[in-house]
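What the coordinates show
So you can see what is in the structure, the chains are spelled out below.
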Amino acid sequence: MDGVVSVFPSQQKQLLTTRSWDFIGFPQDVKRAPLESDVIVGMLDSGVWPESESFKDDGFGPPPAKWKGSCASANFTCNNKLIGAKYYNADGKEVVTEELSARDSGGHDTHTASTVAGRAVKNASLFGLANGTARGGVPSARIAVYKICFKGICSDANILAAFDDAIADGVDIISLSVGNLSPLDYFEDSIAIGVTTRTLDLLRCNVTCLCDILN
């Protein structure tokens, strides 16, 4: 069939998960470029907690003109830092006790999104341990949330739909920290298919895709 790479059942994948930037030689006082504020990172994950200090928009101007996405979620407020939010529940199997929204209930994407582009938050610690300033690699970048996981389960159908939306919305980077606990055949791996079949779109739109390879 023309235009079809593979047909396979929508399976389920799992989520994979204050000193890291200093440890790798990227200190807080590194010189920043104004261009960083035009970078949009699309997080395909478990949603975020929008009230987090990491996502405040103090000092941010409006989103870049290239942004075509939206804040399409109940119980969720976007701003000039957290500029987009969508959620996906293509097969309806994941949601039992979790609300249908882009809000994070487990903390995984709140963690990954703040690691990538969270603002500097002083006096952060884990019950008093490792007290310091928590920050992302590019604190002035914008974040768009694509919630594909509910209760730690991320369906292939959700992943592929979010890939399409993120590219169309105008993100510069797609971050995807989910996967299988064991390798899959290419023609049954939604992440591999999502990246390789959209290579021309990714290149045409200058989008970089970052996927994990297990913890």
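The following paragraphs examine the structure supplied in this document. Position numbers for residues count from 1 along each chain, tracking the sequence in the order it is written. In keeping with the predicted nature of the model, local features appear solely for residues at pLDDT of at least 70, side-chain atom pairs appear and are counted solely at 80 or more, and the whole-chain, interface and lining totals rest on all residues. Water and hydrogen atoms play no part in the side-chain values, which are based on all heavy atoms of the structure.

**Here's the deal with the overall build of the chain**
- Note on conventions: DSSP H or I runs of at least 4 residues are helices, E runs of at least 2 residues are strands, and numbering of each starts at the N terminus. Across its full length, the chain carries 5 helices and 11 strands.
- Whether a residue is buried, partly exposed or exposed follows from its accessible area with a 1.4 Å probe, protein chains only, as a fraction of its type maximum: under 20%, in between, or over 50%, in that order. Counting the 215 residues in the chain, one finds 42% classified as buried.
- Carbon together with sulfur atoms contributes 58% to the accessible area of the chain, which is approximately 11,200 Å² in total. Accessibility throughout is a Shrake-Rupley quantity obtained with a 1.4 Å probe, and a residue counts as covered only by protein chains that appear here.

**A short note on the state of the cysteines**
- For the purposes of this analysis, a disulfide is any pair of cysteine sulfur atoms at a distance within 2.5 Å. Counted according to the given criterion, the structure contains 2 disulfides.
- Sulfur-sulfur distance for the disulfide between Cys-71 and Cys-78 comes to 2.1 Å. Across the S-S bond of Cys-71 and Cys-78 the torsion is about 85°, and the bridge reads as right-handed.
- For Cys-71, a relative accessible area of 35% translates into the label partly exposed.
- Two residues share a disulfide in this structure: Cys-149 and Cys-154, whose sulfurs sit 2.1 Å from each other. The sign of the S-S torsion, about 105°, decides the handedness of the disulfide formed by Cys-149 and Cys-154: right-handed. Both residues of the pair, Cys-149 and Cys-154, belong to the buried class.

**What about the packing of aromatic side chains?**
- Side-chain rings of Phe, Tyr and Trp, where Trp is taken by its six-membered ring, are said to pair if the distance between their centres is within 6.5 Å; with planes under 30 degrees apart they count as stacked, over 60 as edge-to-face, and otherwise as tilted. Within the structure shown, the criterion is met by 0 aromatic pairs.
- In this structure, Arg-103 is placed above the aromatic ring of Trp-49, and the distance from its NZ or CZ to the ring centre is 4.3 Å. Remark: a charge is flagged as sitting over a ring if the NZ atom of Lys or the CZ atom of Arg is within 6 Å of the ring centre and within 35 degrees of the ring normal.

**Thoughts on helix H2 (residues 108-117)**
- Across the 10 residues that make up H2, a large majority, 7, are buried.
- Turning to H2, its buried residues number three or more, namely His-108, Asp-109, Thr-110, Thr-112, Ala-113, Ser-114 and Ala-117.

**Some words on the pairing of strand S2 (residues 40-45)**
- In terms of residue burial, S2 counts as a mostly covered element, since 6 of its 6 residues are buried.
- The pairing of S2 with strand S6 (residues 142-147) spans 6 bridges and is classified as parallel. Across the sheet, the residue bridging to Val-41 is Ile-143, located in S6.
- Summarising the sheet, S2 and strand S9 (residues 173-176) pair through 4 bridges and their orientation is parallel. Paired with Val-41 across the two strands is Ile-173, which belongs to S9. Here, any two strands with at least 2 DSSP bridges between them count as paired.

**Things to note about the environment of Pro-62**
- Its location among the elements puts Pro-62 in the loop between S2 and strand S3 (82-87).
- Pro-62 sits in the exposed class, given a relative accessible area of 65%.
- Distance in space between the C-alpha atoms of Pro-62 and Lys-81 is 8.6 Å, their sequence separation being 19 residues.
- Contacts are assigned to residue pairs with any non-hydrogen atoms lying within 4.5 Å of each other. Excluding its chain neighbours within four sequence positions, the residues that come into contact with Pro-62 are Asn-80 and Arg-142.

**Side note on the nonpolar core**
- For this analysis, a nonpolar core means a set of buried residues of the types Ala, Val, Leu, Ile, Met, Phe, Trp, Tyr and Cys, connected via side-chain atoms within 4.5 Å. In this structure, Leu-44, Tyr-146, Ile-148, Val-171, Ile-174, Leu-176 and Val-178 are the most contacted members of the largest nonpolar core, which totals 22 residues.
- Elements represented by at least two residues in this core include exactly S2, S6, helix H3 (156-169) and S9.
- When residues in this core are grouped by element, the largest group, 5 residues, is from H3.
- Counting 14 residues, the second-largest nonpolar core is a separate cluster that includes Met-43, Val-48, Ala-117 and Ala-141.

**Here we look at the pattern of salt bridges**
- Definition used for salt bridges: Asp or Glu carboxyl oxygen within 4 Å of a side-chain nitrogen of Lys or Arg. Scanning the model with the defined rule gives 5 salt bridges in all.
- Between Glu-36 and Arg-32 there is a salt bridge, and its shortest N-O distance comes to 3.6 Å.
- Judged by relative accessible area, which is 17%, Glu-36 ranks as buried.
- Using a relative accessible area of 29% as the deciding quantity, one classes Arg-32 as partly exposed.
- Between Arg-103 and Glu-51 there is a salt bridge; the shortest N-O distance is 2.9 Å. Here Glu-51 lies in the loop between S2 and S3 and Arg-103 lies in the loop between S3 and H2, a separation of 52 residues in the sequence.
- When its relative accessible area of 46% is taken as the criterion, Glu-51 is described as partly exposed.

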